[in-house]
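Inside the fold
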Amino acid sequence: MALTANILFHFFMILSLGMVAHLPFVNMKETGVGFFRLVYSIAGISCLLALGLCLSPFVSVSDFFFGISSVWLIVLFISFFYMGKLGLEPSLGIAKGLWFLELAVMVFYLEYGFFKSAYLFISIFHFGSITFAMILGHYYLVVPRLSEKPLLNLHYEYWVFLIFKLTLIGYFFYTKDFNFSFYNLYDSIMISMRILWGPLAIFVLSIFSYKLSKMRSTQSATGVLYVETFFMISSELIALYYFVSKGWLI
């Protein structure tokens, strides 16, 4: 129970931070306030679930991290309810300020140490790029004139952070001198699923979603991004299982 609670806590915080981290990719003047409020609602609910898990006896985080995350939640919900009433220009300024507040929240992951905090930082942008792109893809039905550039840029970002993450994982395995022959069958299956569903499957699918986005076939691209998001969630949960239970970066 404690292991599951800790995995879900990290997952919900990564989802919350990953959503808002990608708001600079879109222009509020083109999407309107509605899209930003949608992102804030997803981020806010995710953060609420994470903090709810912190109140259980199974998840242990520093009081300061819990406090700053609580402030993050309050600001998200205030932004959701009042941003549409402030007008476009003031709302845009608040959105930019909120991004800097998020960076402050992420800094407190440093309590895990350099390599583990770097892994979590990269996971936020790596996971958020695909998930955010999937949410954005639906909005092309609401705003057909929206440029395809945000979707293309999100793919570029995913590929960059994929390289970062694979490099960090490779360095971790190299320095720890792991030998796969000593793993049990369960670990072998889970790590294989992590590799096949994560870097391999999503990378191949991202090429198709990128080409569809470039053709402005946004509905088809969103369908592919649905599958990518499913693989992303599945593979990241496996990775978080080993991160929380054994401290492995995979």
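Residues numbered from 1 in each chain as written. Predicted model: local features only at pLDDT ≥ 70, side-chain atom pairs only at ≥ 80, totals over all residues. Heavy atoms only, no water.

Let us now look at the overall build of the protein chain. Helix and strand counts for the protein chain stand at 9 helices and 0 strands. Listing each helix as α and each strand as β along the protein chain from the N terminus yields α-α-α-α-α-α-α-α-α. Compactness check: the protein chain gives a C-alpha radius of gyration of 18 Å against a globular reference of 18 Å for 250 residues, within 12% of the reference. Considering the protein chain as a whole, with its 250 residues, one finds that 52% of them fall into the buried category. In the protein chain, the share of contacts with a sequence separation of at least 24, taken over all contacts with a separation of at least 6, comes to 79%. Within the structure as shown, the protein chain displays about 11,700 Å² of accessible surface, and the carbon and sulfur contribution to it stands at 73%. On the protein chain, the mean spot of the 14 positive side-chain charges and the mean spot of the 11 negative ones are 7 Å from each other. (Helix = DSSP H or I, 4+ residues; strand = E, 2+ residues; numbered from the N terminus. Rg over C-alpha atoms; globule rule 2.2 N^0.38 Å. Buried < 20%, exposed > 50% of the residue type's maximum accessible area, 1.4 Å probe, protein only. Contact = heavy atoms within 4.5 Å. Areas by Shrake-Rupley, 256 points an atom, 1.4 Å probe, with all protein chains shown as cover. Lys, Arg positive; Asp, Glu negative; His and termini not counted. Charge placed at Lys NZ, Arg CZ, Asp CG, Glu CD.)

Our next topic: the packing of helix α3 (residues 33-54) against helix α4 (residues 63-82). In contact at an axis separation of 9 Å, α3 and α4 are set at 150° when each is read in the N-to-C sense. It follows that α3 is roughly antiparallel to α4 by the angle criterion. Taken as a pair, α3 and α4 cross one another with a handedness that is left-handed. Contacts from Arg 37, Tyr 40, Ser 41, Ala 43, Gly 44, Ile 45, Cys 47, Leu 48, Leu 51 and Cys 54 of α3 reach α4 at Phe 66, Ser 69, Ser 70, Trp 72, Leu 73, Leu 76, Phe 77, Ser 79, Phe 80 and Phe 81. Across the contact of α3 with α4, the residue classes tally to 14 nonpolar, 5 polar and 1 charged. (Axes fitted to C-alpha atoms, helices over the stretch in contact; angles between N-to-C directions. Parallel < 35°, antiparallel > 145°, perpendicular 65-115°, else oblique. Left-handed = near helix turned anticlockwise from the far one by under 90°. Nonpolar A, V, L, I, M, F, W, Y, C, P; charged D, E, K, R; others polar.)

This part is about the state of the cysteines. One pass over the full model with this rule turns up 0 disulfides. Of all cysteine sulfurs in the structure, the one in Cys 54 sits closest to Cys 47, which takes part in no disulfide; the separation is 8.8 Å. Of the residues examined, Cys 47 reaches a relative accessible area of 0% and is grouped as buried. When its relative accessible area of 12% is taken as the criterion, Cys 54 is described as buried. (Disulfide = S-S within 2.5 Å.)

Relative to the assigned elements, His 22 resides in the loop between α1 (2-21) and α2 (28-31). Here Gly 18 takes part through its backbone oxygen, which lies 2.7 Å from a polar atom of the side chain of His 22. In this view, His 22 contacts Ile 124, Phe 125, Gly 128, Ser 129, Phe 132, Leu 154 and Glu 157; residues no more than four positions away in its chain are not counted. (Polar contact = N/O pair within 3.5 Å; in protein donor to acceptor, adjacent residues only side chain to side chain.)

With that settled, consider the confidence of the model for the protein chain. Mean pLDDT over the protein chain works out to 85, with 93% of the residues at or above the 70 mark. No element of the protein chain has a lower mean pLDDT than helix α5 (residues 88-107), which averages 72, and none a higher one than helix α9 (residues 218-246), which averages 91. (pLDDT = per-residue confidence, 0-100.)

For Ser 235, the location among the structural elements is in helix α9. The buried category is assigned to Ser 235, whose relative accessible area is 1%. Beyond its immediate stretch of four places on either side in the chain, Ser 235 contacts Arg 194, Trp 197, Gly 198 and Ile 202.

Taken together, Leu 196, Leu 200, Phe 203, Val 204, Ile 207 and Phe 208 make up a surface patch of nonpolar side chains, about 530 Å² in accessible area. By secondary structure assignment, the location of Leu 196 is in helix α8 (residues 185-214). (Patch = residues over 30% accessible without salt bridge, like charges linked within 9 Å, V, L, I, M, F, W, Y side chains within 5 Å. Salt bridge = Lys/Arg side-chain N within 4 Å of Asp/Glu carboxyl O.)

On the secondary structure map, Phe 36 appears in helix α3. A residue is classified by how much of its surface remains accessible, and Phe 36, at 2% relative accessible area, is buried. Aside from chain neighbours lying at most four places away, what touches Phe 36 is Leu 23, Val 26, Met 28, Thr 31, Met 83 and Ala 95.

Right, let's talk about the nonpolar core for a bit. Formed by 89 residues in total, the largest nonpolar core has its most connected members in Phe 9, Phe 35, Phe 36 and Tyr 40. For this core, the elements supplying multiple residues, two or more each, are α1, α3, α4, α5, α6 (114-139), α7 (149-176), α8 and α9. Ranked by residue count, the leading element in this core is α6, at 14 residues. (Core = buried A, V, L, I, M, F, W, Y, C linked by side-chain atoms within 4.5 Å.)

Moving on, we get to the environment of Asp 187. With respect to the secondary-structure elements, Asp 187 resides in helix α8. Distance in space between the C-alpha atoms of Asp 187 and Tyr 242 is 9.3 Å, their sequence separation being 55 residues. Aside from chain neighbours lying at most four places away, what touches Asp 187 is Tyr 242, Lys 246 and Trp 248.

All right, on to the pattern of salt bridges then. For the coordinates displayed, the defined rule picks out 4 salt bridges. Across the salt bridge formed by Lys 165 and Glu 236, the nearest N and O atoms sit 3.0 Å from each other. You can see Lys 165 sitting in helix α7 and its partner Glu 236 sitting in helix α9, a full 71 residues away along the chain. Take Lys 165 and Glu 236: they sit in the same class, and that class is buried. The partner of Lys 246 in a salt bridge is Asp 187, and the shortest N-O contact between them spans 3.0 Å. Pair noted here: Lys 246 is in helix α9 and Asp 187 is in helix α8, with a separation of 59 residues, a long-range link. Ionic contacts of the salt-bridge type, sharing partners, join the residues Lys 165, Arg 194 and Glu 236 into one network.

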